[in-house]
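As a plain string of letters, each chain reads:
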Amino acid sequence: MNNYEIATVFRVTADDASKDAAIEKVKGFITGEITEVKEVGKRELAYEINKCKEGFYCYISFTAEASTIKALDNACRIDEDLLRYIIIKK
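All of these numbers come straight from a predicted model, not from anything done at the bench.

Draft legend 1. Summary view of the nonpolar core. I6, F10 and F62 are the most contacted members of the largest nonpolar core, which has 16 residues in total. The biggest single contributor to this core is strand β3 (residues 52-64), with five residues. Excluding residues that lie within four positions of it along the chain, I6 makes contacts with V26, I30, C58, Y59, I60, F62, L72, C76, Y85, I86 and I87. Within the second largest apolar cluster, five residues are counted, among which are V9, L45, I49 and C52.

Below is the structure:
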């Protein structure tokens, strides 16, 4: 098992329920053990992404097998609420 972190930028929506649902959706993609979830909050983006000027930042630390990272990458790629993400091996 390896330690990983996924840094995510979600679309900013009017209500917190949709933000929490988007975070839970990404957490559902992770097949390993989640060790920490750090919600940074709403920030202005350096440049416009898909007509969005602000994004909600969240970092999720987890442990998983290396073979599951490809499936996580594919699942994040098709999620429309996710503007940007990066998976980092610690």
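Draft legend 2. Quick peek at the pairing of β3. Pairing of strand β1 (residues 2-11) with β3, which is carried by 10 bridges, proceeds in the antiparallel orientation. Looking across to β3, one finds that Y4 is bridged to F62. Counting the residues in the hairpin turn of strand β2 (residues 33-49) and β3 gives two residues, including N50, whose phi is positive at 50°.

Draft legend 3. Structural detail: the packing of aromatic side chains. Applying the stated criterion across every chain yields a total of one aromatic pair. Here Y4 and F62 contribute two aromatic rings whose centre-to-centre distance is 5.8 Å and whose plane-to-plane angle is 25°, an arrangement assigned as stacked. A residue pair is termed long-range when its members are at least 10 positions apart, and Y4 in strand β1 and F62 in strand β3 qualify at 58 residues. Side by side, Y4 and F62 carry an identical accessibility label, which is buried.

Draft legend 4. Focus on the pattern of salt bridges. All told, the structure shown has seven salt bridges when counted by the stated rule. Of the charged contacts, one joins E5 and K90 as a salt bridge, the two residues approaching to 3.9 Å between their closest N and O atoms. With a gap of 85 residues between them, E5 in strand β1 and K90 in the segment after β4 (82-89) connect regions that are remote in the sequence. Under the relative-accessibility criterion, K90 is labelled exposed at 59%. The residue K27 makes a salt bridge to E24 at a minimum N-O spacing of 3.2 Å.

Draft legend 5. Representation of the environment of D79 within the structure. As for its position among the elements, D79 is in the loop between α2 (69-78) and β4. Expressed as a C-alpha distance, the spacing of D79 and F10, which sit 69 residues apart in the sequence, is 9.8 Å. Those residues in contact with D79 that sit more than four places away from it in its chain are K25, V26 and F29. Of note is the side chain of D79, whose polar atom sits 3.2 Å from the backbone nitrogen of D81.

Reading the values: rules and limits
Residues numbered from 1 in each chain as written. Predicted model: local features only at pLDDT ≥ 70, side-chain atom pairs only at ≥ 80, totals over all residues. Heavy atoms only, no water. Core = buried A, V, L, I, M, F, W, Y, C linked by side-chain atoms within 4.5 Å. Buried < 20%, exposed > 50% of the residue type's maximum accessible area, 1.4 Å probe, protein only. Helix = DSSP H or I, 4+ residues; strand = E, 2+ residues; numbered from the N terminus. Contact = heavy atoms within 4.5 Å. Pairing = 2+ DSSP bridges. Phe/Tyr/Trp six-rings, centres within 6.5 Å; stacked < 30°, edge-to-face > 60°. Salt bridge = Lys/Arg side-chain N within 4 Å of Asp/Glu carboxyl O. Polar contact = N/O pair within 3.5 Å; in protein donor to acceptor, adjacent residues only side chain to side chain.

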